[in-house]
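Letter by letter, the chains look like this.
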Amino acid sequence: MTFITQKCQQLKARRTPYSMDVPGFLKKKQTIQEDAAQTSASVSLPQSQNVDNTPPPNGEVAQNNTPTKKPPIPSPTIAFSQKQMPLIDILAPQSMEVDFGFIKINNVYFRTLFIAGYPRFVSPGWLEPIVNFDNSLDISFNIYPVAGKTVLDDLRRKIAEMEAEIATDLERGKIVDPSTQAKLEDARTLQEQLVKGSERYFEFSLYITIPAPSLEELNQITRQIESTLGSLLIVGKRATLDMEKGFLSSAPFGRDVLSITRNMDTTSLATTFPLTSAELSSDKGVLYGINSQNDSFIIFDRFSLENSNMTIFATSGAGKSYFVKLEALRSLMLGTEVIVIDPESEYEALAGAVGGQFVSFSFNSPSKINPFDLTQIYEEGENQLGLKILTLHSLFKVIMGQLNATQEALLDRALVATYRAKGITQDPATQKREPPLMEDLYKILMGMETAEAKDLAARIEKFVKGSFVGMFDQQTSVEIKNPFVVFSVKDLQEALRPIAMFIILDFIWTRVRRDIKRRLLIVDEAWHMMRYEDSAQFLWSVVKRARKYFLGLTTITQDVEDFLSQDIGKAIVTNSALRLLLKQSPAAIDKIGEVFYLSQGEKQLLMGANIGEGIFFAGPHHAPISVVASKEEHKLIDSRPQEKTFNENVDSRPFATTEQVTQRNQYDRNPQ
Ligand SMILES: Nc1ncnc2c1ncn2[C@@H]1O[C@H](COP(=O)(O)OP(=O)(O)O)[C@@H](O)[C@H]1O
Ligand SMILES: [Mg+2]
């Protein structure tokens, strides 16, 4: 809580006197209005009989005494370029009517309220009910720094006056006016703070202009605003007889022609800052969407939060991938690299458009990743081979299915032996040697000659000799060399996807740690990995450690219930500073509500949400979001086939690789 100092003395206005550029054709009206104001009559521009489309030259007013209505301007650009009319006349409204209590511009009524009294105590964001008022309002603040010396002189005089008043009251045996006493206390505190330099002094004015399509509505909204102001202990007064100045003062010209100010110190001024959802908006970062509550931007730099991870939950088709692609595209422009694990090949077009690398895994594609690859990063106190064997252990549990204790021990021994057979031990120097392959493990297991080991070997046989051969049993041929890399596993069988995603994630994880940069790693349809405890555990270990390597991991899932009913799923959510919920199904909403502490209203919002609408969480704050893309962005990120022709009349050429785009641009510049 902080307090607003009682006004000590109205300081002399130091602003330039009000002057207004009056559009040519309104000049006539202006004089009429001044005359009329004296007789308290309202003025309106009479309808002109002149329907001639040609505007008067140079904006001159016809020389007869009838005020002219502004002629229609079919094309402002032509009117301006051919100098048919001065710019100010082109921009000016068609008609303007100034009354006591409102101003009517074209067909819209406006009324300005100025703030004449403020509460003594306020808390930060106290203007929020007005800023988020459910009707559009023009609110303008004017802040004028005041020189400390002038204020101190005024304060000293005022304090002396108040002390004298209290002393006289006491002398005469009268009860001291408590409000004078309160003011005196405030003035003394302020004096002390000003002298010490802990506060500065400002003049502050606040105007609210209400637009409405009819007078009745204007009156109704004004009453609502007045009662809202009243509930905040703010005294709002109508700028009666000064509506024009009021309108100008709240228009975005930076002109305070009403000049009704109030003195405030720095702390009080700070509390008037209007964007209470400011936590969701920072001055740098990526535009995530629009706050549908107050139309402010949701801008964030993921890497400035306590961790850079994000989780996204929604039903299928709600706009999850769309949102992520939009973020990827915008992050890329800010120099963040993006890696995507894409089970649906949804990111291929985007990769093509930004000149990215698209790696598709299938039996006959040349892209291979060897799960036995070593990181070749040496960190104090970490045993790289040991960690790799742990990861492989988890991977083989996903591949082999349930293992009993003996089998687990066997697998572990086999893994160590496989590396040793290639001369690789815990000694970092040996780890540069060529890593083993799946086949080597198979041979080691076969060579163990126990029934248990043979059983394990049989479980991986299909990768070495059988139907899955050529998948994960060759040396790595992929490198991450591009700022935008997509790994697609769409061409793999459903059963192989979690395994492939695991191997790819492990591969990315080793590369990411080798060369630390700002990176986003997107795991779309992450529920594939959550299906098995070991792959889920691996995903979680990446989430936990991502921050250390400047990595922001985005997990997207439509299988909300499954994800959140596992402890690992919940842990991933709690370790993600950014969270996005889009449309939810009634079946999942209770679970979501429980994990995200949603109110009944928020649950309703999520169930009824349209595509691209939901709630965005950043750290402890959240706000309703609406995800919007520009037409150009939409063309790159849309995945619905029927939408491919979006904005067809503007540019129907399909997007292609960067090379093609460059060629096309060259052609556009110099067509032959
Ligand atoms: N914010 C949005 N604005 C406009 N269209 C959107 C938006 N979000 C999604 N869409 C449309 O919905 C389609 C499906 O969205 P998508 O993100 O692929 O869904 P999912 O949640 O299943 O990943 C997109 O291809 C696009 O056409
Ligand atoms: Mg998707």
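Shown above is the structure to which this text applies.
Residues numbered from 1 in each chain as written. Chains lettered and ligands numbered in written order. Predicted model: local features only at pLDDT ≥ 70, side-chain atom pairs only at ≥ 80, totals over all residues.

What follows covers the overall build of the chain. In terms of helices and strands, the chain carries 24 helices and 20 strands. Counting over 672 residues, the chain shows a buried share of 36%. Long-range pairs, those at least 24 residues apart, make up 73% of the contacts in the chain between residues at least 6 apart in sequence. (Helix = DSSP H or I, 4+ residues; strand = E, 2+ residues; numbered from the N terminus. Buried ≥ 20, exposed ≤ 12 C-beta atoms within 10 Å, placed from the backbone. Contact = placed C-beta atoms within 7 Å.)

Before going further, it helps to examine the nonpolar core. Membership of the largest hydrophobic core comes to 111 residues, with the highest contact counts inside it found for Leu505 and Phe616. It is helix 16 (residues 497-514) that contributes the most residues to this core, 10 residues altogether. Lining this core are residues from two domains, each supplying at least three of them: domain 3 (289-368 + 476-672) and domain 4 (370-472). When near neighbours in sequence (up to four residues on either side) are disregarded, Leu505 contacts Ile341, Val523, Phe538, Leu539 and Val542. Residues Met96, Ile115, Leu229 and Ile260 belong to the second largest nonpolar core, which totals 26 residues. (Core = buried A, V, L, I, M, F, W, Y, C linked by C-beta atoms within 7 Å. Domains from an automatic or database assignment.)

Now for the packing of helix 13 (residues 405-421) against helix 15 (residues 451-464). The contact between helix 13 and helix 15 brings their axes to 10 Å, and the two run at 75 degrees. Considered as vectors, helix 13 and helix 15 are oriented roughly perpendicular to each other. Contacts between helix 13 and helix 15 involve Thr406, Gln407, Leu410 and Leu411 from the first element and Glu452, Ala453 and Leu456 from the second. When grouped by side-chain class, the residues that make up the contact of helix 13 with helix 15 number four nonpolar, two polar and one charged. (Axes fitted to C-alpha atoms, helices over the stretch in contact; angles between N-to-C directions. Parallel < 35°, antiparallel > 145°, perpendicular 65-115°, else oblique. Nonpolar A, V, L, I, M, F, W, Y, C, P; charged D, E, K, R; others polar.)

It is worth spelling out the pairing of strand 4 (residues 108-117) at this point. Across the 10 residues of strand 4, seven count as buried, placing the element largely inside the fold. One ladder, built from three bridges, connects strand 3 (residues 103-105) with strand 4; its direction is antiparallel. Within the sheet, the bridge partner assigned to Lys104 lies in strand 4 and is Tyr109. By the bridge criterion, six bridges tie strand 4 to strand 7 (residues 201-212) in an arrangement that is antiparallel. In the sheet register, Arg111 faces strand 7, and the bridge partner there is Ile210. In this sheet, strand 8 (residues 235-238) lies alongside strand 4 in antiparallel orientation, the contact comprising four bridges. (Pairing = 2+ DSSP bridges.)

Next up on the list: the sheet that holds strand 15 (residues 484-488). Ordered in space as 11-10-20-19-18-12-17-16-13-15-14, the 11 strands form an open sheet in which the pairing is mixed. In this open sheet, the two strands that pair with only one neighbour each are strand 11 (297-300) and strand 14 (357-360). The average undirected angle you get between the axes of adjacent strands in this sheet is 25 degrees. In terms of strand pairing, strand 10 (residues 286-291) meets strand 11 through four bridges, oriented antiparallel. Each residue of the ladder has a partner; that of Ile290, found in strand 11, is Phe297. Running over the sheet, helix 10 (residues 320-333) touches strand 10, strand 12 (310-313), strand 13 (337-342), strand 15, strand 16 (519-523), strand 17 (551-557) and strand 18 (578-581) and is turned about 135 degrees from strand 10.

Next up on the list: the site of ligand 1. Around ligand 1, the surrounding shell holds 16 residues, and the nearest of these are Gly319, Lys320, Ser321, Tyr322 and Gly612. Its residues assigned to classes, the shell around ligand 1 shows six nonpolar, six polar and four charged. (Near = placed C-beta within 6 Å.)

For the rest of this paragraph, the subject is the packing of helix 18 (residues 533-545) against helix 20 (residues 567-574). Running from amino to carboxyl end, helix 18 crosses helix 20 at an angle of 15 degrees, the nearest separation of the two axes being 10 Å. By the angle between their directions, the pair helix 18 and helix 20 is classed as roughly parallel. Read as a crossing pair, helix 18 and helix 20 show a hand that is left-handed. Where helix 18 abuts helix 20, its residues Ala536, Gln537, Trp540 and Val543 lie against Ile568, Ala571 and Ile572. (Left-handed = near helix turned anticlockwise from the far one by under 90°.)

Mapped onto the elements of the fold, Leu334 is located in the loop between helix 10 and strand 13. Linking Leu334 and Val286, residues 48 residues apart in sequence, is a C-alpha distance of 8.2 Å.

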